[in-house]
Amino acid sequence: EATDRISSDIDHVDALADIRKRMPQIVATDNPWEVGYQFAAKLRENLGGGHWKSHSIDELAGHLRIDQLDHCLLQGSEGWQFVDAVVGTNQHNNPKFFVQKKRPDSRQFAFCRALFEHLTLKTGVFGAVSRLRTERQQMNRAFAAEFLAPCALLKNDLSSTSISEDEVDDLAQAYGVSAFVV
């Protein structure tokens, strides 16, 4: 259903055109986590860096200067058991995302994972974000983690080299991600 809705969509707005223009080359390494991490760091740098923190997809869109994000996000298609998001392009090659997660931080993380898929797959190919442990899923998880909570920014916010569980929770809340990401 999600892929059919994406494929049949006729919206003419490409809300992510500017991001794709600034996207870095993907650099293959032996470690899929490194690929996602490096891509996120470079993309964030290409988008002007900044010390922004985001707590929702809408807030993220503001930081990335995506003023028509609603054209990318399709509603519906709930109930997938093992898929958190699907991304593909419509009839005009414009990106469309289905994000199943409900909690704002989980939705934002799933969207960023799907964004990685959109930016790194060939046009016309669908990407799925899931709980599987494939190399591709490892890459998009690392991308989302580094894109939303960059290691360099986290280091600046740490009170010491060893932090408590409470501080991890506080940092996670400040960055709009789960404690697992921190």
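This one's a predicted model, so the numbers in the text were calculated from it and none came from an experiment.

## Overview of the side chain of Lys96
Considering the arrangement of structural elements, one finds Lys96 in strand E2 (residues 95-99). Engagement of the side chain of Lys96 in a polar contact is seen with the side chain of Asp11, the distance being 2.8 Å. A polar contact is formed between the side chain of Lys96 and the backbone oxygen of His71, at a distance of 2.3 Å. With sequence-adjacent residues up to four places away left out, Lys96 is seen in contact with Ile6, Asp9, Asp11, His71, Cys72, Leu74, Val86, Val87, Gly88 and Asn90.

## Focus: empty space enclosed by the protein
Scanning the entire structure with this criterion turns up one cavity of 30 Å³ or more. Quantified by volume, the largest cavity comes out at close to 40 Å³. Every residue lining the largest cavity is listed: Arg44, Leu47, Gly49, Trp52, His63, Leu64 and Phe147. Among the residues forming the lining of the largest cavity, the class breakdown is four nonpolar, two polar and one charged.

## Observations concerning the state of the cysteines
A covalent bond bridging the sulfur atoms of two cysteines is what the word disulfide describes. Going through the model one piece at a time under the given rule, you end up with zero disulfides. Cys72 forms no disulfide, and the closest cysteine sulfur to it belongs to Cys112, at a distance of 12 Å. Assessed through its relative accessible area of 0%, Cys112 is described here as buried.

## Notes on the layout of surface pockets
A probe as big as a water molecule, rolled over the atoms, marks out the empty space that is left. Within this model, the largest pocket holds a volume of roughly 510 Å³. Contributing to the lining of the largest pocket are 19 residues, with Phe109, Arg113, Arg141, Phe180 and Val181 lying nearest its centre. Of all the secondary-structure elements, those providing two or more residues to the lining of the largest pocket are helix H5 (104-120) and helix H6 (135-148). With five residues, H5 is the largest single contributor of residues to the lining of the largest pocket. The residue inventory of the lining of the largest pocket, partitioned by class, reads seven nonpolar, four polar and eight charged.

## Details of the packing of aromatic side chains
Given two aromatic rings, their pairing is described by the distance between the two centres and the angle made by the two planes. Counting across every chain of the model gives six aromatic pairs. Judged by centre distance (4.7 Å) and plane angle (50°), the ring pair of Phe97 and Phe111 falls under tilted. Linking Phe97 in strand E2 with Phe111 in helix H5, this pair joins segments that are 14 residues apart in sequence. Comparing Phe97 with Phe111, the two get one shared label, buried. Judged by centre distance (5.4 Å) and plane angle (40°), the ring pair of Phe116 and Phe143 falls under tilted. Here Phe143 lies in helix H6 and Phe116 lies in helix H5, a separation of 27 residues in the sequence.

## Regarding the pairing of strand E1 (residues 83-89)
Most of E1 is tucked away: six of the seven residues are buried. Sheet topology note: the E1/strand E3 (residues 127-130) ladder contains four bridges and is antiparallel. Residue pairing in the sheet places Val87 in a bridge with Gly127 of E3. Here E1 pairs with E2 via five bridges, running antiparallel. Its bridge partner lying in E2, Val86 is registered against Phe98. Counting the residues that bridge the hairpin from E1 to E2 gives five residues, and of these Asn93 lies at a positive phi of roughly 60°.

## A short note on the nonpolar core
Core analysis: the largest hydrophobic core is formed by 43 residues, its most contacted members being Phe97, Phe143 and Phe147. Elements that contribute at least two residues to this core include exactly helix H3 (32-46), helix H4 (57-63), E1, E2, H5, H6, helix H7 (151-157) and helix H8 (165-175). The leading source of residues in this core is H5, at eight residues. Those residues within four positions of Phe143 in sequence are excluded, and the remaining contacts are Gly36, Tyr37, Phe39, Ala40, Leu43, Cys112, Leu115 and Phe116.

Reading guide: rules and limits
Residues numbered from 1 in each chain as written. Predicted model: local features only at pLDDT ≥ 70, side-chain atom pairs only at ≥ 80, totals over all residues. Heavy atoms only, no water. Helix = DSSP H or I, 4+ residues; strand = E, 2+ residues; numbered from the N terminus. Polar contact = N/O pair within 3.5 Å; in protein donor to acceptor, adjacent residues only side chain to side chain. Contact = heavy atoms within 4.5 Å. 1 Å grid on protein atoms, 1.4 Å probe; cavity = no way out; pocket = protein on both sides within 12 Å on 5 of 7 lines; lining within 4 Å. Points joined across faces, edges and corners; volume = space filled by probe spheres on them. Nonpolar A, V, L, I, M, F, W, Y, C, P; charged D, E, K, R; others polar. Disulfide = S-S within 2.5 Å. Buried < 20%, exposed > 50% of the residue type's maximum accessible area, 1.4 Å probe, protein only. Phe/Tyr/Trp six-rings, centres within 6.5 Å; stacked < 30°, edge-to-face > 60°. Pairing = 2+ DSSP bridges. Core = buried A, V, L, I, M, F, W, Y, C linked by side-chain atoms within 4.5 Å.

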